[in-house]
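# Understanding the architecture of this molecule
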Amino acid sequence: MRRAVCPGSFDPITNGHLDIIERASKLYDVVHVAVAVNRSKQGMFSVEERIALIEETTAHLDNIQVESHSGLLVDYCTARGIPAIIKGLRAVSDFDYELQMAQMNHGLSGVETLFVPTSPTYSFLSSSLVKEVASLGGDVSHLLPGVVHARLVERIAERRK
């Protein structure tokens, strides 16, 4: 079985994330989507909510496994026999950081990192930007799966109360 992991915070999952996950699912028998737990950061959605949103938006893919992880990603990979990390790259600035991470991960465990260029449609897209624009009343519906957009709008309304 060829296995890979697509890691991230996914707070929330965007169409850009989904594009990378879908493309990885065509290349690997099993793609793990690892939702990072960062206890020092307060997310828009809880880890459990993010997992549920990812499961719902990837339900059409039969080879996706979604779970959380904390600690080193290479430990997650080693524990599950995953030899490859898939990372989407939006711009050259992403490459600078991700190359360092890839080299560190390979040095620690031998896990390889494969870079997938994002679709030009999503080259500017980040969860942080989506949350900021939505919080200020901008329309981000075209940047998120429908269910995710609906939950984001609800969450922003809840926080304004």
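One structure accompanies this document, and this report is about it. This structure is a prediction, so every number in the text was calculated from the model and none was measured.

With that out of the way, let us pick up the environment of T113. With respect to the element layout, T113 can be found in strand β5 (residues 112-117). Measuring from C-alpha to C-alpha, the distance between T113 and E49 comes to 27 Å, with 64 residues separating the pair along the chain. If we skip the residues at most four places from it in the chain, T113 touches I85, K87 and A102.

As a further point, take the nonpolar core. Counting 34 residues, the largest nonpolar core has I21, I86 and L152 as its most contacted members. For this core, the secondary-structure elements that each account for two or more residues are β1 (3-8), α1 (15-27), β2 (30-36), α2 (47-57), β3 (64-69), β4 (84-89), α5 (127-135) and α6 (146-160). For I21, the residues in contact, after removing those within four places along its chain, are C6, F10, I13, V33, T58, L61 and I64. Grouped together as the second largest cluster of nonpolar side chains are 9 residues, V5, L73, C77 and I85 included.

For the rest of this paragraph, the subject is the environment of E22. Within the fold, E22 resides in helix α1. Its relative accessible area of 25% is what places E22 among the partly exposed residues. Sequence separation between E22 and L61 is 39 residues, and the spatial gap between their C-alpha atoms is 7.5 Å. When sequence neighbours within four positions are dropped, the list of residues in contact with E22 reads H60 and L61.

Let's shift gears to the packing of α2 against α6. For any two helices packed against each other, the geometry comes down to the angle between their axes and how far apart the axes lie. Packing of α2 against α6 leaves a shortest axis separation of 10 Å and a crossing angle of 150°. As the angle between them shows, α2 and α6 are arranged roughly antiparallel. Of the residues in α6, those touching α2 at E49, L53, E56 and T57 are V147, V148, R151 and R155. Its residues assigned to classes, the contact of α2 with α6 comprises 3 nonpolar, 1 polar and 4 charged.

On to the packing of α5 against α6. Orientation of α5 relative to α6, taken along the N-to-C sense of each, is 55°, at an axis distance of 10 Å. If you check the angle between α5 and α6, you find them oblique. Crossing of α5 against α6: the hand is right-handed. Taking contact as the criterion, the partners of V130, K131, A134 and S135 in α5 are, on α6, L152, I156 and R160. Per-class residue counts for the contact of α5 with α6 are 4 nonpolar, 1 polar and 2 charged.

What follows is about the packing of aromatic side chains. According to the stated counting rule, one finds 1 aromatic pair in the structure shown. When the ring of F95 is compared with that of F115, the centres are 5.7 Å apart and the planes differ by 70°; the resulting orientation is edge-to-face. With F95 in helix α4 (residues 92-109) and F115 in strand β5, the pair connects residues that are 20 residues apart, well separated along the chain. Its relative accessible area of 26% is what places F115 among the partly exposed residues.

About the thresholds
Residues numbered from 1 in each chain as written. Predicted model: local features only at pLDDT ≥ 70, side-chain atom pairs only at ≥ 80, totals over all residues. Heavy atoms only, no water. Helix = DSSP H or I, 4+ residues; strand = E, 2+ residues; numbered from the N terminus. Contact = heavy atoms within 4.5 Å. Core = buried A, V, L, I, M, F, W, Y, C linked by side-chain atoms within 4.5 Å. Buried < 20%, exposed > 50% of the residue type's maximum accessible area, 1.4 Å probe, protein only. Axes fitted to C-alpha atoms, helices over the stretch in contact; angles between N-to-C directions. Parallel < 35°, antiparallel > 145°, perpendicular 65-115°, else oblique. Nonpolar A, V, L, I, M, F, W, Y, C, P; charged D, E, K, R; others polar. Left-handed = near helix turned anticlockwise from the far one by under 90°. Phe/Tyr/Trp six-rings, centres within 6.5 Å; stacked < 30°, edge-to-face > 60°.

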